[in-house]
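Observations on chain architecture
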Amino acid sequence: MMMLPRKLGEACGVCGIYAPGVDVARVSFFVLYALQHRGQECAGICTGDGRVAHIHKGMGLVSQVFNEDNLRWLRGDLAIGHTRYSTTGGLSLTNAQPYLIETALGPLGIAHNGNLTNTSSLRRDLLQRGVGLTSSSDSEVITQMLAGAPGDSWDKRIAAFILGAEGAYSLTILTRDAVYAVRDPWGFRPLCLGKLNESGWVVASESCALGTIDATFVREINPGEIVRLDDSGVTSWQTEPARPSALCVFEYVYFARPDSLLEGRSVHRVRRAMGARLAQEHPVDADIVIGVPDSATAHTIGYANEAGIPYGEGLIKNRYIGRTFIQPGARLRRRKVALKYNPLPDLSGKRIVLVDDSIVRGTTSGPIVALLRQAGAKEIHMRVASPPICYPCFMGVDMAKREELIAGRMSVDQIAAHIGVHSLGYLSLEALRDIVAPASNGHCEACFSGEYPVIVRHESDRSMFQ
Ligand code: AMP
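Predicted model only: the values in this text are computed from it and were never measured.

Notes on the overall build of the chain
Along the chain, the regular secondary structure elements total 17 helices and 23 strands. Against the globule reference of 23 Å for 466 residues, the chain gives a C-alpha radius of gyration of 22 Å, in line with a compact fold. Taken along its principal axes, the extent of the C-alpha atoms in the chain is 70 × 45 × 40 Å. By the burial criterion, 59% of the 466 residues in the chain qualify as buried. Summarising the internal contacts of the chain: among those between residues at least 6 apart in sequence, 70% fall at separations of at least 24. Approximately 17800 Å² of the chain is accessible, and the part contributed by carbon and sulfur atoms is 52%.

What about the site of the ligand?
Around the ligand lies a shell of 16 residues, among which Ser358, Arg361, Gly362, Thr363 and Thr364 are the nearest. Asp357 places a polar side-chain atom, nitrogen or oxygen, 3.0 Å from an oxygen atom of the ligand. In this structure, an oxygen atom belonging to the ligand sits 2.8 Å away from a main-chain N or O atom of Arg361. Relative to its unbound accessible area of 470 Å², the ligand is 95% covered by the protein chains. Residue composition of the shell around the ligand, grouped by class: 7 nonpolar, 5 polar and 4 charged.

Regarding the sheet that holds strand E6 (residues 106–113)
Taking strand neighbours across the sheet as the criterion, the 6 strands line up as E5-E6-E7-E8-E12-E13 in an open arrangement whose pairing is antiparallel. At either end of the open sheet lies a strand with only one pairing partner, and these are strand E5 (99–103) and strand E13 (233–238). On average, each strand axis in the sheet is tilted by 20 degrees relative to the strand beside it, whichever way the strands run. As paired elements, strand E12 (residues 225–230) and E13 share 6 bridges and run antiparallel to each other. The residue of E13 that forms the bridge with Asp230 is Gly233. Contacts from helix H5 (residues 138–148) reach E5, E6 and strand E7 (170–174), with the element oriented near 145 degrees to E6.

Some points on the domain arrangement of the chain
When the domains of the chain are assigned, the result is domain 1 (13–243) and domain 2 (267–442). Put simply, the middle of domain 1 and the middle of domain 2, counted by C-alpha atoms, are 33 Å apart.

Concerning the pattern of salt bridges
In the structure shown here, the tally under the stated rule is 16 salt bridges. Close ionic contact of Glu225 with Arg219 constitutes a salt bridge, the shortest N to O distance being 2.7 Å. A relative accessible area of 2% places Glu225 in the buried class. With a closest N to O distance of 2.9 Å, Arg351 and Asp287 form a salt bridge. Here Asp287 lies in the loop between helix H9 (267–281) and strand E17 (288–291) and Arg351 lies in strand E20 (residues 351–356), a separation of 64 residues in the sequence.

A closer look at helix H14 (residues 412–419)
It helps to recall that an α-helix has 3.6 residues per turn; residues three or four apart then point in one direction. Of all the residues in H14, the buried ones are Ile415, Ala416 and Ile419. Buried residues in H14, looked at end-on, bunch into an arc of 100 degrees, giving them a common side. For H14, the exposed residues set more than 90 degrees away from the buried face come down to Asp413 and Ala417. The secondary structure elements touched by the buried residues of H14 are helix H12 (365–374), strand E21 (379–384), helix H13 (406–409) and strand E22 (423–426). With its phi angle positive at about 80 degrees, Gly420 sits one or two positions after the end of H14.

So, the pairing of strand E10 (residues 200–204)
Most of E10 is tucked away, with 5 of its 5 residues classed as buried. On E10, burial covers both faces: Gly200, Val202 and Ala204 on one face and Trp201 and Val203 on the other are all buried. As paired elements, strand E1 (residues 13–18) and E10 share 4 bridges and run antiparallel to each other. Along E10, the bridge assignment pairs Ile17 with Val202. Bridge count between strand E9 (residues 192–196) and E10: 5 bridges; the pairing is antiparallel. Note on E10: the bridge partner recorded for Leu193 is Val203. Hairpin geometry of E9 and E10 is characterised by an intervening segment of 3 residues between the two adjacent antiparallel strands and by a positive phi of about 45 degrees at Asn197.

Cut-offs used in this document
Residues numbered from 1 in each chain as written. Predicted model: local features only at pLDDT ≥ 70, side-chain atom pairs only at ≥ 80, totals over all residues. Heavy atoms only, no water. Helix = DSSP H or I, 4+ residues; strand = E, 2+ residues; numbered from the N terminus. Rg over C-alpha atoms; globule rule 2.2 N^0.38 Å. Buried < 20%, exposed > 50% of the residue type's maximum accessible area, 1.4 Å probe, protein only. Contact = heavy atoms within 4.5 Å. Areas by Shrake-Rupley, 256 points an atom, 1.4 Å probe, with all protein chains shown as cover. Near = heavy atom within 4 Å. Polar contact = N/O pair within 3.5 Å; in protein donor to acceptor, adjacent residues only side chain to side chain. Nonpolar A, V, L, I, M, F, W, Y, C, P; charged D, E, K, R; others polar. Pairing = 2+ DSSP bridges. Axes fitted to C-alpha atoms, helices over the stretch in contact; angles between N-to-C directions. Domains from an automatic or database assignment. Salt bridge = Lys/Arg side-chain N within 4 Å of Asp/Glu carboxyl O. Arc of directions from axis to C-beta.

Right under this line is the structure:
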């Protein structure tokens, strides 16, 4: 029996480039480099020269996968790229993207960020039509759906795909003559458009990638929009009637880089607002406010400013160690926390407010608190700039299984005791809603509220994550 690898949600980074006369592989490399925070497990670039497509992908960081030798072979005017988020399942090259296949309309390359929620029925349809699949990846399902969709053009096939797909997908697609960018009708995961020199265009998961390559931000791709980049420039059209949009709020809390724009707003500014509200909701007398670097820095500044307590560095991060949750297994993660953070000696005798952006499994906070105690902290008050995460994500963030989410099985008081702090306060869901609400007509906050914008219909889809 063929065992297909289990695939969990993916909040990866994707890009697409149309730029005649430009070394598109190198530009993609730099875009992926800037999107590295969205995925550290695998990276890949696929280019097209109007005739054939070339691909290189591998496991590891962008800088480990690419070098002058392999970039040289990636010729063409068109490119798509992908950097894959690490999950607890299926650490293998099979999951590396882009996917590249040959179709009746020429080469088709796909880079996907997100997670479909109706993968099981889509898989069944494909298998019944005689299409073979090599993995349980929904990105492979997307590739095969597009290849076999009705229509004599990619414009029509992509529109047909959108009608059948449910869930999260920000896609970049490479064809013989064009690069497409597609965002699901809910807009779960971000995607934006930039201008690169006179005739070139770029799409990327986040706007922070544009500055690196001297591109200028044009706009975000709208939920349900298809954008085609080719020798006629940018052509775009809306496919589905507008739905309440559902950009993931966790992008604001943690996932996106603080120097990106989401829904026209600076992520850093939104995070500072979260920290400020947290200070209003959970004030405490203290000598210093410190954050867990780097992801909680903006929230911490917001807290300190609002509270009128000095902001300071307390934990120094070894910047050469990747994200601790990359490594599955709680014991390993605990050891990596001590490898990653070191407290400053001058915390001795201080009453500390420790701010973090979120608590997911709850395996990081305890060891950090222990480090601060060893450094002589007198009191540690933990403040979390997002509400308790109680529900798993089916739309592309590897939030862990329900039973692994500490707030799913413990009260706030129990969590405080578990991690060993004097007090613990989370930002309320109401406050988070107030902060992000003005930007659009809806967000996905399912990890906090349990209200999912799409129905996860099939048990097999659910069981892939739970
Ligand atoms: P933990 O509570 O031990 O799972 O670690 C949570 C910390 O890891 C948070 O403070 C975040 O900075 C970061 N993090 C954010 N998202 C995730 C995620 N999906 N899985 C694990 N850790 C995450």
